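# Descriptive analysis of the structure
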Amino acid sequence: MKKEKIFFMLFLFFVLTIFSCKKENLFTQPTIEITGFSLKELPGEYTYLDVDMIVTNNDKREAHIADVEYQVVIEEINSENQEFVIDKDILKDTPLELTLPLKLKTSDAIKLLAKLDAGEELKYVATGTFHADDPVLNLFDLPINVSGTAFVETGFDDFYIQPKVIVNGISGNYILNGNSTYTFNFDVNCAIQNMDTNSVKINNVEYVVYIEGIKSDALLYSSEISINGNGTISLTLPILMNLSSADADLLIQAITDGTIDYSVEGTFHVTEVNQAALDFYLPLSVSGNVSADIIETLFNQPTIEVTGYTLQELPGEFAYLDIDMKITNNDTKQADIADVTYIVAIEGVSSLEEQSEINQTLLVGTPLEITLPLTLLTNDAIQLLSILDAGELLDYVVTGTFHIDDPILNQLDLPIDISGSASVEVGFENFYEQPEITVGNFTYNFSINGFTSYTFNLDVNTTVQNIDTRNVIIDEVEYVVFVEGVESNTHWYSDYYNTDIVINGGQTIPLTLPVTLVLSPSNGASLVSKMSDGTVDYIIEGTFHAIDVDGNATNFSLPLYDTGNVPAIPNK
């Protein structure tokens, strides 16, 4: 009786011990490893994969696996939760090879599908539960929680090689909505290269675009696309982004660093391969960065033209002009122009760099007319000033930058790079008619200074006609003469004469301007040779400095410019 009692107590202890433990702890956890992935068919709305798995029994006993519940995350893309009947034994020394199906929603798995080519190594995390049968434990759970990497055994390239997408640029514009939100319309300009030898027809592209991490609306490009085998086409994918003022500001701030980070995700819906009907999806997944010239395209470049020139006053050391300019807004929204920096070249003569406040609004549909000041160094602008009379048509080139104030773009630079021609509206004749100078001839002599140099003494014999009706007194003539392309130093009338030049209205007087040239032996001999034919090519340019007009004290300069070919007469 005592033995029976002891046996019963031991049996009760054994049973209680079994049932006080988790069932799965009574069966040693097997080793589970995923060995490969295989694409079953080209994707439709869903993508179907097979996952190859090896289960190694680490217990002393075999067990019967009835079924399994599981989910696999491949490259951070989640499969759907799945169940699969196995109905196989895991033996002690024989690893069990299983192939489990996976189902993924194609539109959620774009990044994974883009990598799904044979030979690619993909990261995975598998979780779930094996349901095992045991004659003692009955049905118990063996958890699955493994991670690692495995290779793609059958991928897209076994069915159709994925196309290659190259983004060449992003451009766009935006509009301000009435509720203080902004709609950005961008274009992604890209090239699509068919990497397969078979032609393909695509009836639409579904996609989203991230610019600096900000997601666009989901979009559909529904025009039919045909690409020959190994062919390439250009494709422009529009982007729509509806943003609050704060998000719009964040977007602009993000892309002002010089480059735009982007990613494009979506699917190509294929309807034909080699003109045979098929229905499947190819992934569209590309990322990178492009130059941030998108900011300039957010406001369409206006049309800019110069409409006229105005001389503000008779020149002194500087010549001051105004240019009239018309700006036509080519955008769908107005803009506030804060200021402008610019340089204007008229007939090849460049102004000094200028900056001018504008503070005006460039409206839609109404050209903005502005007047900008120009400053030129008089001595640099002689040739221009000599033709600066009302009605003259003069060529211009304008370069610079308009600075635009914008609620989203803040200060946006719009470049100026234009050329054309415009008429002089107010010229010299509104102040004083330019005198006319005529060169009659050159008289000259020269001496050879040993083996070191030649000295030429020339007289430029001219007549000066006062075209104006008023008398003028000139106290100085500053001039440079080019003789057969040889440039003299700057000469001054007062170095040779001690009287002022007085010319009555309409009067013509003779004026001789002396010039001295000191040249090297080779240059001197060359000039002697050129002048020995009895003529000389010349350019004379400079200024007449007027101090009195009709008895009224003045202080201005008139241009002196003439060019041609005249007799060269040696002095006897």
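What you see is a predicted model; the values in this text were computed from it and never measured. (Residues numbered from 1 in each chain as written. Predicted model: local features only at pLDDT ≥ 70, side-chain atom pairs only at ≥ 80, totals over all residues. Heavy atoms only, no water.)

This part covers the overall build of the chain. Along its length, the chain carries six helices and 34 strands. Expressed along its principal axes, the backbone C-alpha trace of the chain runs to roughly 160 × 65 × 60 Å. When burial is assessed residue by residue, the chain has 44% of its 572 residues classed as buried. In the chain, 69% of the contacts between residues at least 6 apart in sequence involve partners at least 24 apart. In the structure as shown, the chain presents an accessible area of about 28000 Å², 49% of it carried by carbon and sulfur atoms. (Helix = DSSP H or I, 4+ residues; strand = E, 2+ residues; numbered from the N terminus. Buried < 20%, exposed > 50% of the residue type's maximum accessible area, 1.4 Å probe, protein only. Contact = heavy atoms within 4.5 Å. Areas by Shrake-Rupley, 256 points an atom, 1.4 Å probe, with all protein chains shown as cover.)

Another point: a negative patch on the surface. Together, E62, D87, D89 and D133 line one region of the surface with negative charge. With respect to the secondary-structure elements, D87 resides in strand β5 (residues 82-90). (Patch = residues over 30% accessible without salt bridge, like charges linked within 9 Å, V, L, I, M, F, W, Y side chains within 5 Å. Salt bridge = Lys/Arg side-chain N within 4 Å of Asp/Glu carboxyl O. Lys, Arg positive; Asp, Glu negative; His and termini not counted. Charge placed at Lys NZ, Arg CZ, Asp CG, Glu CD.)

Attention now goes to the nonpolar core. With 80 residues, the main nonpolar core has I34, L116, F130, I170, F184 and I211 as its most contacted residues. Other than its neighbours up to four places away in sequence, F130 contacts I32, M53, V55, I65, D67, V68, I86, L98, F140, D141, L142 and I144. Grouped together as the second largest cluster of nonpolar side chains are 79 residues, L368, L374, V472 and M531 included. (Core = buried A, V, L, I, M, F, W, Y, C linked by side-chain atoms within 4.5 Å.)

Turning our attention to the sheet that holds strand β9 (residues 164-176). A sheet is described by the order of its strands in space; here three strands give the open sequence β9-β10-β15, paired in antiparallel fashion. Both outer strands of the open sheet, β9 and β15 (232-244), are each paired with one neighbouring strand and no more. In this sheet, neighbouring strand axes are inclined to one another by 20° on average, regardless of whether the strands run parallel or antiparallel. Note that strand β10 (residues 181-193) and β15 share 13 bridges and pair antiparallel. For T181, the partnering residue across the bridge sits in β15 and is S244. (Pairing = 2+ DSSP bridges. Axes fitted to C-alpha atoms, helices over the stretch in contact; angles between N-to-C directions.)

Under the defined criterion, the tally for this structure stands at ten aromatic pairs. Both rings, one in Y432 and one in F556, keep their centres 6.1 Å apart while their planes meet at 45°; by these two values the pair is tilted. With Y432 in the loop between β25 (410-426) and β26 (436-449) and F556 in strand β34 (residues 552-570), this residue pair connects regions lying 124 residues apart in the sequence. Like Y432, the residue F556 is buried in the burial classification. Aromatic side chains Y493 and Y497 sit 4.6 Å apart centroid to centroid with 25° between the ring planes, which places their arrangement in the stacked category. Among the residues examined, Y497 registers a relative accessible area of 30% and is labelled partly exposed. (Phe/Tyr/Trp six-rings, centres within 6.5 Å; stacked < 30°, edge-to-face > 60°.)

This paragraph deals with the side chain of S356. Within the secondary structure, S356 is located in strand β22 (residues 354-362). Discounting residues that sit within four places of it in the chain, S356 has contacts with D339, V340, Y342, L372 and P373.

Bringing the pattern of salt bridges into the picture now. In total, this model carries eight salt bridges according to the counting rule given. When the shortest N-O distance is used, the salt bridge between R61 and D59 registers 3.1 Å. On the accessibility criterion, R61 (36% relative accessible area) is partly exposed. E305 serves as the salt-bridge partner of K326, at 3.6 Å between the closest nitrogen and oxygen. One end of the pair, K326, is in strand β19 (residues 318-328); the other, E305, is in strand β18 (residues 303-311), with 21 residues separating them in the sequence. The exposure class assigned to E305 is partly exposed, which follows from its relative accessible area of 34%. If you follow the salt bridges from partner to partner, you end up with K201, E224 and E272 in one network.

Mapped onto the elements of the fold, L250 is located in helix α3 (residues 245-255). Considered as a pair, L250 and I214 are 36 residues apart in the sequence and their alpha carbons are 9.2 Å apart.

The subject of this paragraph is helix α6 (residues 521-531). Taken residue by residue, α6 has G524, L527 and M531 as its buried positions. Along the axis of α6, the buried positions cluster into a sector of 65°, meaning they face one direction only. (Arc of directions from axis to C-beta.)

For the rest of this paragraph, the subject is the environment of V464. As for its placement among the helices and strands, V464 is situated in strand β27 (residues 453-465). In this structure the C-alpha to C-alpha distance between V464 and T508, which are 44 residues apart in sequence, comes to 5.4 Å. When residues no more than four places from it in sequence are discounted, the contact partners of V464 are P435, E436, I437, I503, Q507, T508, I509, L511 and F544.

Per-residue confidence for the chain averages 89 on the pLDDT scale, and 91% of its residues sit at or above 70. Predicted confidence for residues 10-24 stays below pLDDT 50, and this span has eight contacts to residues more than four positions away or in other chains. (pLDDT = per-residue confidence, 0-100.)

Attention now moves to unusual backbone geometry. For E212, which is not glycine, the phi dihedral falls at a positive 50°. Among the structural elements, E212 can be located in the loop between β11 (200-211) and β12 (214-215). Unlike most non-glycine residues, E347 shows phi in positive territory, near 55°. A relative accessible area of 36% places E347 in the partly exposed class.

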